[in-house]
Every structure is written in C-alpha cells, then in structure tokens.
Amino acid sequence: MAFAFVYCSRALLSHFKAVVARKKSKVSPVASTRIVAIDILEPHPCFPSVDQSSLTQLVKGKNLDQLAKFDGVEGVASALETNVESGIHADDEDILRRQEAFGRNTYQKPPTKGFFKFVWEALKDPTILILMVCAGLSLGFGMKEDGPKEGWYDGGSIFVAVFLVISVSAISNFRQNRQFDKLSNVSNNIQVEVVRDGRRQHVSVYGIVVGDVICLKIGDQVPADGLFLDGHSLQVDESSMTGESDHVEVNRAHNPFLFSGTKVADGYARMLVTSVGMNTMWGEMMSTISRDTDEQTPLQARLNKLTSSIGKVGLAVAFLVLLVLLIRYFTGNTEDENGNTEFNGSKTKVDDIINAVVGIVAAAVTIVVVAIPEGLPLAVTLTLAYSMKRMMADQAMVRKLSACETMGSATTICTDKTGTLTLNQMKVTKFWLGQESMEGRSSTSIKENVLEFLHQGVGLNTTGSVYRTTSGSDIEFSGSPTEKAILSWAVLELNMDMEKMKEGCRILHVEAFNSEKKRSGVLMKKNADDTVHVHWKGAAEMILAMCSQYYDPTGEIKALDDTERSRFDRLIQGMAASSLRCIAFAHKQVQETAEDEKIDDKCLTLLGLVGLKDPCRPGVKKAVEDCQYAGVNIKMITGDNVFTARAIATECGILKPNEDMNSGAVVEGVEFRNYTPEERMEKVDKICVMARSSPFDKLLMVQCLKQKGHVVAVTGDGTNDAPALKEADIGLSMGIQGTEVAKQSSDIVILDDNFASVATVLRWGRCVYNNIQKFIQFQLTVNVAALVINFVAAVSAGEVPLTAVQLLWVNLIMDTLGALALSTERPTKELMNKKPVGRTGPLITNIMWRNLLAQALYQIAVLLTLQFGGEEIFGVNAKVRDTLIFNTFVLCQVFNEFNARKLEKKNVFEGIHKNKLFLGIIGITVILQVVMVEFLKKFADTERLNWGQWGVCIGFAAVSWPIGWLVKYIPVPETPFFSLLKWQKLKYMYRR
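The model shown is predicted, which means the values in this text are computed figures rather than measured ones.

Novice: Summarise the overall build of the protein chain; cite the residues concerned and give the values.
Specialist: Tallying secondary structure elements over the protein chain gives 36 helices and 26 strands in all. Burial status across the protein chain gives 53% buried among its 992 residues. Expressed as a percentage of contacts within the protein chain between residues at least 6 apart in sequence, the contacts between residues at least 24 apart total 72%. If you sum the accessible surface of the protein chain, you get close to 44900 Å²; carbon and sulfur atoms cover 57% of it.

This is the structure we're talking about:
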C-alpha cells in the first residue's frame, strides 16, 4: 500500500507538471526556438515567393547557402518587393499588407503585476498580520460576549482600519508601477532612419516592417533582423545576444547577417529587414524578461535603516507597555467601565481574560505600527513617482529611479558643448581656399579641378544624404548637423550634384569618423579614367598635420613649409576664437594598387578650410550661473580645439573673461591624460574646460572627481561616452543627438538636448531630497509624541489613551495622506541657494532635530496634561477626556503639516496656493476627523464633542504655528549632532 501510494503520488505529480508545462508553452512565446520563430509556414498571397519561416531561419542560422538559393541579398529584396536603392513605398496600403504578412515590430511582454498582487504584498507585513490576528480574536470574543449586534465593534473597527491602510498602500504602489510601465514604453519608442520612396525619413521602431531599408550608423541599435545591403567598416557588438565582447565584422561576402538588439560599434551601413517583432531572436528574449520595478534607491536604503532603528525603539516601548499592562491587569489594578475590578482570580471567566489579553496585545502591536515609520519608503516612492512625471514635462525622462535623488546631491556637472550648450544648428560661415577667404565669391571663381575634388571630398566622404523632390525645387539634407551643414553649403554654394557625381565614381574603401580619430577617409575610383583618389575630412589641425602641400584658388599646388603651416595655424586659431568649428578637406591621387584596408594619410594636398557656426542656446548662460550659484561646478568637455572651446565656454559663463590659459582652467585631453595620478588629483578641481578630449579623457576626469568625493553628473551623446555615463553618479544622455548606446548607459535622458534642462533636473533632484526631509521631520514628530504619551500613560495609569483604531487612523494620516501632501511640493528658487549635500550629508539635519523636538515636546506636554488633568480642568468624564486627547493629537499633526512645508523659512504659507493637492489633503483629513469624532462613536471609540471642546482642541493645535515660527530663531551648528557626540567621545577617550 505504501509503495502504491508513493508511486501514484509521483505519477500524479509528474502528470500535473506536464500539464502545467504544456499550458505555459501555449501562453509563453518562447517555449523553444522552433515554436516561436515559425508562425507562418505558408507563403502569404501578397508575397508568394517567400515565407516568414525561411526568412527567420536564413538569418538565425547565418545560412549563406540558403542566401545563395535566393540569389543573394538582391534576390531576397526582390522577393520582398523592395527596391534596394529607394526602399519600399511609404503608402499605408503597402505597410499594412507587410504587417499582415510578416507581423508587427512589437514584442509580447510578460504580464505586469495586478492590483491584488500589491494587496497581497501589503498583507505580508508582519505587524499587519499580528493586528489582523488580534482583530479576529477580539471580534470572536466580543460577539460571543455581547452578541453579534454589539460585539463586532472593537474587532471590526481594527479590521476596517487595517483594510484602509492596506488599500491605500496597494493603490499607491499599483499606480506607481503603471507609471513606470508608461515611462518604459516611451523610452523604448526610439526613432529609426529608413529609406522609403527614395527619401530618408525617421519612423518609430514599432513602425518598421519586413522589406524596409534601414540606415545604420555608430551607436545605433539594430531594430530588427536583416541582411547587410551596403556600407563600410561595419562592426557590430553582439554581446547582448551571444555574451561575446569582441566586435563582429559584417559585410556582403562572409557575414551579411544582422540581429535585432545588437549595437553598431563602428562604420555605417544600410540593411534589409527580414524579420520583425516576435520572429526575431531579440523578440524571443525580450518576451521572457520582466522589468524589475522593485529597484531600491540609495535614499530608500538609508530610510530603511532609519526605519529599522526607530522600529527597534518602538518594539522596546511596545514590549514595556505590554508588560506593564499585563502586570497591572493580573494584579487587579485595572477597572472596567463600571468601576469594577477586571481580574478577580478564579472568579473571572476565561473568555474575559482572553478578551482583555487580546486587547492589551492589540494596543501594544498598534504602538509598534505607529512607531515603525513605514511611511518613509512610501514617501520616497510617491516623491520619485511624482517628480518623474513632472520631469517628463520638463524635458527629462528618468530611466533609473535613483538618479532623481542622486542629482540633488551633485557637486559637479561635466557637460558636452555641441548640442547641449549650443543649438547644434550648424551653418558654414567661412570658406578658405589656400590662404584666401572665398566669402562673397561664387564657385565659378574656383579652378575646375579643385572644385571637382571639393565635390568628391564632400559628397563621397559623408554619412549624410541629399534628397531632391520630383519637382526639383525642394532639397532635403539628412545626417548629423555637421554633415547637413557641409552638404547644404556644397549643394547651394558650390553647385554640387551629388547624384551625378556618385554615378561617375565607385567607393573602394571607407574609414568612418569616430570621436577618437576625429577624421574620416574614403578611397574612390573615377569611372571615366580609372584613377584612384583618397579624400580625408576632419578636425582642421589634424588634417593640416597630414598635408605637405595645398591648393590656391587658381588650382596651383604649393608647398606647405613651416612658414605657410604657421599661417594656416593662425587662420584656424582665428576662426576657432570666433566660436567656429574648423573642418579641413585634403586630397591625394594614388596608384591602383592602393585598394586595400589602409587608406593613405600621408603627404596629402590641402583642398580648403570651412568654419561652421553653432550658436549658444538662449538661456544657457543663466542656467550655468544658476548651477554655479547653487555650489555646483560646471566643466565643459569637448572634442573641439582649445580656442573654440575657450570662446564658447566664455560665452556660456563657464569661464570668466579674465581666466587665461596659464591658470590651469583650460587644458587639452592629451595634456590631462599625460599628468601623473597625483597631478591629476591636484589639478582636476581647477579645470573648467577640457578641449580635444577623447571619451577616455572624460572617463578619467569622472574617476578623478569621484575619488575626490564629488557627486558627478555627466552628459554624453556618443557611443564612446558610454563608459563615462556608467561611471558617473548620474549619467545624462541626449534625446535628440544621443545614440541608443548612450541612452541605455544613462540614468536620465535630456529630451531636448538643452543644458537648461540639466539645471532643471538638478532643481528637481534637490526638491526630491528636500521633500523627503520634510516628511521625515513630520513623521518623527508624530512617532516621538505617540510613543512617549502611550508609554507614560501605560506605566502610570495602566491604560493607553489612544486605542488601536485611533492609532491606525493617525498612522493613515501620517503614512499616506501626509506623504502625499508633502511629497508633491514643487521646486522653489530657494533650493538653488544652498550648497550641495554631497555624499556624506546627514539625512536628519540639526535644523530638523530642532524643529521636530520643539513640536514633539509641546504635543507631549499638552496631551499628558489632558491625560492626568483633563477631567478636572474641563469637568468631563474619562471617555470625553480620551476623545479630547485623540482629537487634539490629530489636529496637532494637521497644523504641524504646515510647519513641515518649510524647514528653515519662517513663513510656512509661502506658495501654498500653488499646491492644490496639499490643501485638498488637509481639507480631507479635517473632514474625516470630524466624521471619526462625531459620527463613528462605536467604531473609533469616541464621544461627541461640543463647540467649546472643539475650540479647545483647535486652540491647542494652533499653538504649534507660533512655536514653529519662534523656534526657527534658535541657531544650530552645521555639524551634525551625532557627529559632535562622536567627536566628544573620541576626545574623551584620547585624554584617558
């Protein structure tokens, strides 16, 4: 029988697991690679020569033989009815039929947490569970003793109060979770550059369809699975798929396969989309990954530690109260409502004893509930959720929750120049051919062969494009702002016909631009005479160093000796000092044999120099001044040369006009890099501008600043900025010019690329920190007062003046309504008048201790006076006295909530009309308190109060306002109180 039982049990368990697994495989989109990928086994009527299954397997398996059966990439494009040059049609009908045939570019996500999941998490709180057990026992004994009609009040009241606390907590967490989901959807909706109807345009990643031709550049995330069409030097980081850190080269011959979710590390290319959404490998992976919204920020960790410390004190007090009440009860020192002794030894019924003990335990547990400030983490959550929503409206999208609060402690901001401090709206304003300015002169004044070389140098050595409408009247330029400016100048000023020029040339090899090399090169062959030419473009002084001769406007080639080189240097410095970005073009004719991996970069001929103007953003100087006034150092780190950097920094207010090069405020990246570690640590604080810097220099500066104790925020937009963005305490990426790699490495995305938005984020960060401090002050005042009153009353009188239900109501006012009221204060100008908190600033400052102790001592004095003298002073019975204590205590918190609005300012009502939510919560609290006292007599264990008694309660509570005003005149030392105690202790030990 035993054997049969065990065998049957195992068989049933095995069968059950198999059923569950089958169910999961139906629901989960990732049961196996085969199941997920092959949704469509039959070709779609619109695309009879290809089906999704074969396309998926082609790319997944990197199957070159299968690609050959399709007649290569062009064959796949033909089967998908895609023109490899002009892309698909942009009309809605074509896109819709492609979505029907091959699916949409969206992923199935695991289901998010439902509301009842949050209810269940709230229920798991140990104190709540103990209270519910006490409520159940109280309910059972009460109904047994007094009957169902009257006996349910005590236990039922606790149940209702616990239900309210759980509901509010669950609703808050549920709403926060939904908000994070919305923000996640916004951050995932990236823009992708595609070619449709021969025109480059940006579409949402969710709008990509099979057959689309996508343009990829450094830093882009590949948005779908596909095949390499054309491009140069394409290196892809597949670590997100394979775990391998080495970059993979993608080309037509050996590896034309591209996977969704991988990142472009170098080069540029165009790709043909073959699979989207759930038919990609990335789609399978993403569908199984659930986002963890339980991220704990540093401030929450500190608050949890504080909560734990206060909780231990609360537990000790609750245990003492429990001990005292039990001793008093079992020694016959307690009386019931009729004045009879409650415990008379063996004469007392067991039910009465259990009921009394349950009541005592419930009172002790409730003290723990009030003592443990579990509202602190909730306050952080509410503050962060509120600030995230508001920051979105202020052009800042928070990707990492902790960045909101960390930004408030920032002491240094390292910012880029282009697009952050400037508008990133480039325009060519200067053009020098040889040493002559061509300003005001037409292209006909340039020698024909030099003009042809310039056209090639601009039109072939670029990642941008020119699109002419069918009428030919409108011209659209695409690419980076620098590329667009140069293409616009070449087409409009030099009459370049890009399409015609490309037809007459063939590109052999390309070296793509990146922020380290600061140049790009192209090796090309002219179809007319089969001559091979090299063209270089990049930072003027770097291209100049590669040249040995130059063209003058007549087309004559002249030697570039030291004298001529120094003239060009002065020319470049003059343009840079006028805040112009200097770009140079160089050319060289090479032999046929030069078609190889390395493009010749020696003994070139300088073609010309252009100066691009990028004006400073309006309001950036004011934003920089605001940050500096707030004690935050601003450092500009740029790839431009030292003269351009200096001019822009002075214009923005980062550098003062009298700060010269010798003061150490301006350095070049190579100089900073070559310092010894000791020199770097010594000089890093003085540096305001670092020019010609590489991403490594930026990372090095961040590391130095952090070692010196700074809280560092860094802006970045390029792929190579990712290490610095990750290393910084707060990484700020650019929403417009930033690559996907930079955005994913950052904590906050600045949506408008504006430095003024960085200053706004700083203000919001300080607001979050300040709001948390306000709530801590408010909460601890209540904790101290409630603990002292209940402990003193229990020890001396043997009773707790505030019942379990009343204390739970106070808990609700503090933890939820109070958190909501104080967490939604908006940033004020005063926040930028203080010095940054930094890493080691105390959470509870001396100012907060002063404020909260004054209020807590006043409340204790008033409530203990009511406890021991209330009956005689006001001529009331014990029931009314307890109601007076409860009502005064709650109203004191209402009035003190106003005091908590301003930690230092004496006028606590300033700007209160702007916070409608605060006023609404105060109004709701007062109305509910009136209902509790006047209408819920049995539920709240209160007695109705007359107008005079209400006036007394309000009068006592209102005194907290003048106390709050007066106490702010008391000066307090800046050094934290506990640090002073530790110092005194160390001094004492040293003397001994």
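Novice: Quick one: what's the story with empty space enclosed by the protein, residue by residue and with numbers?
Specialist: Under the defined criterion, the tally for this structure stands at two cavities of 30 Å³ or more. Estimates place the volume of the largest cavity at around 70 Å³. For the largest cavity, the full set of lining residues is Q777, T781, N851, L852, Q855, N896, N899, K902, G964, V967 and K968. Looking at the lining of the largest cavity, the elements with two or more residues in it are α28 (755-797), α30 (846-874), α31 (878-900) and α35 (960-967). Take the lining of the largest cavity: its biggest share by element is three residues, from α30.

Novice: Tell me what's going on with the nonpolar core, and back it up with residues and numbers.
Specialist: Core analysis: the largest hydrophobic core is formed by 64 residues, its most contacted members being M407, I413, I654, I730, I748, F755 and I776. Top element by residues in this core is α28. It accounts for 12 residues. Apart from the residues lying within four places of it in its own chain, the contact partners of M407 are I413, A713, I730, L732, V758, V761, L762 and G765. Among the nonpolar cores identified, the runner-up in size contains 63 residues, and V119, V165, A786 and L945 belong to it.

Novice: Give me the lowdown on the packing of α30 against α35, citing residues and values where you can.
Specialist: At their nearest, the axes of α30 and α35 sit 10 Å apart, and the two run at 145° to each other. Here the hand of the crossing between α30 and α35 comes out right-handed. In contact with R850, N851, A854, Q855 and Y858 of α30, α35 contributes S960, I963, G964 and V967. Residue composition of the contact of α30 with α35, by class: four nonpolar, four polar and one charged.

Novice: Break down the UniProt feature "transmembrane region" (unreviewed entry) in the protein chain for me, with residues and values.
Specialist: UniProt records the feature "transmembrane region" (unreviewed entry) at residues 126-143, 155-174, 310-330, 353-386, 780-798, 804-822, 917-935 and 947-967, using the numbering of this structure. With 95% helix and 0% strand, the stretch residues 947-967 has end C-alpha atoms that lie 31 Å from each other.

Novice: Quick one: what's the story with the packing of α31 against α35, residue by residue and with numbers?
Specialist: Between α31 and α35, the shortest axis-to-axis distance is 9 Å and the interhelical angle comes to 35°. Pair α31 / α35 crosses with right-handed handedness. Across the interface between the two elements, C892, F895, N896, F898 and N899 of α31 pack against S960, W961 and G964 of α35. A breakdown of the residues in the contact of α31 with α35 according to their chemical character gives four nonpolar, four polar and no charged.

Novice: So what's going on with the side chain of N851? Residues and values would help.
Specialist: Checked against the element boundaries, N851 lands in helix α30. You can call N851 buried: its relative accessible area is 5%. Within the structure, N851 has its side chain in polar contact with the backbone oxygen of L903 (distance 2.9 Å). Those residues in contact with N851, other than ones at most four positions away along the chain, are Q777, L903, V967 and K968.

Novice: How would you sum up the packing of aromatic side chains? Please name residues and give values.
Specialist: Per the stated rule, a full pass over the model turns up 18 aromatic pairs. Note on Y329 and F330: the rings are 5.0 Å apart at their centroids and 80° apart in plane angle, and the pair reads as edge-to-face. Taking relative accessible area as the criterion, F330 reaches 40% and is therefore assigned partly exposed. Where F431 meets W489, the ring centres are 4.9 Å apart and the plane angle is 70°; that geometry is what we call edge-to-face. On the criterion of sequence distance, the pair formed by F431 in strand β10 (residues 427-433) and W489 in helix α17 (residues 481-492) is long-range, its members being 58 residues apart. When the ring centre of F918 is taken as reference, the NZ or CZ atom of R901 above it lies at 5.7 Å. In this structure, K906 is placed above the aromatic ring of Y969, and the distance from its NZ or CZ to the ring centre is 4.5 Å.

Novice: For a positive patch on the surface, give the residues involved together with the corresponding values.
Specialist: Among the surface-exposed residues, R175, K182, K389, R390 and R826 lie close enough to one another that they form a single positively charged patch. When residues of the positive patch are traced back to their parent elements, those giving at least two are α9 (153-188) and α14 (375-393). As for its position among the elements, R826 is in the loop between α29 (804-823) and α30.

Novice: Now, about helix α32 (residues 916-934): what can you tell me, with residues and values included?
Specialist: With 19 residues, α32 ought to run about 27 Å at 1.5 Å a step, and its terminal C-alpha atoms sit 27 Å apart, in line with that. F918, I921, I922, T925, Q929, M932, V933 and E934 are the residues of α32 that are buried.

So, how was this worked out
Residues numbered from 1 in each chain as written. Predicted model: local features only at pLDDT ≥ 70, side-chain atom pairs only at ≥ 80, totals over all residues. Heavy atoms only, no water. Helix = DSSP H or I, 4+ residues; strand = E, 2+ residues; numbered from the N terminus. Buried < 20%, exposed > 50% of the residue type's maximum accessible area, 1.4 Å probe, protein only. Contact = heavy atoms within 4.5 Å. Areas by Shrake-Rupley, 256 points an atom, 1.4 Å probe, with all protein chains shown as cover. 1 Å grid on protein atoms, 1.4 Å probe; cavity = no way out; pocket = protein on both sides within 12 Å on 5 of 7 lines; lining within 4 Å. Points joined across faces, edges and corners; volume = space filled by probe spheres on them. Core = buried A, V, L, I, M, F, W, Y, C linked by side-chain atoms within 4.5 Å. Axes fitted to C-alpha atoms, helices over the stretch in contact; angles between N-to-C directions. Left-handed = near helix turned anticlockwise from the far one by under 90°. Nonpolar A, V, L, I, M, F, W, Y, C, P; charged D, E, K, R; others polar. UniProt positions renumbered as here; feature names shortened; annotations may be inferred. Polar contact = N/O pair within 3.5 Å; in protein donor to acceptor, adjacent residues only side chain to side chain. Phe/Tyr/Trp six-rings, centres within 6.5 Å; stacked < 30°, edge-to-face > 60°. Lys NZ or Arg CZ within 6 Å of the ring centre and 35° of its normal. Patch = residues over 30% accessible without salt bridge, like charges linked within 9 Å, V, L, I, M, F, W, Y side chains within 5 Å. Salt bridge = Lys/Arg side-chain N within 4 Å of Asp/Glu carboxyl O. Lys, Arg positive; Asp, Glu negative; His and termini not counted. Charge placed at Lys NZ, Arg CZ, Asp CG, Glu CD. Expected span 1.5 Å × (residues − 1).

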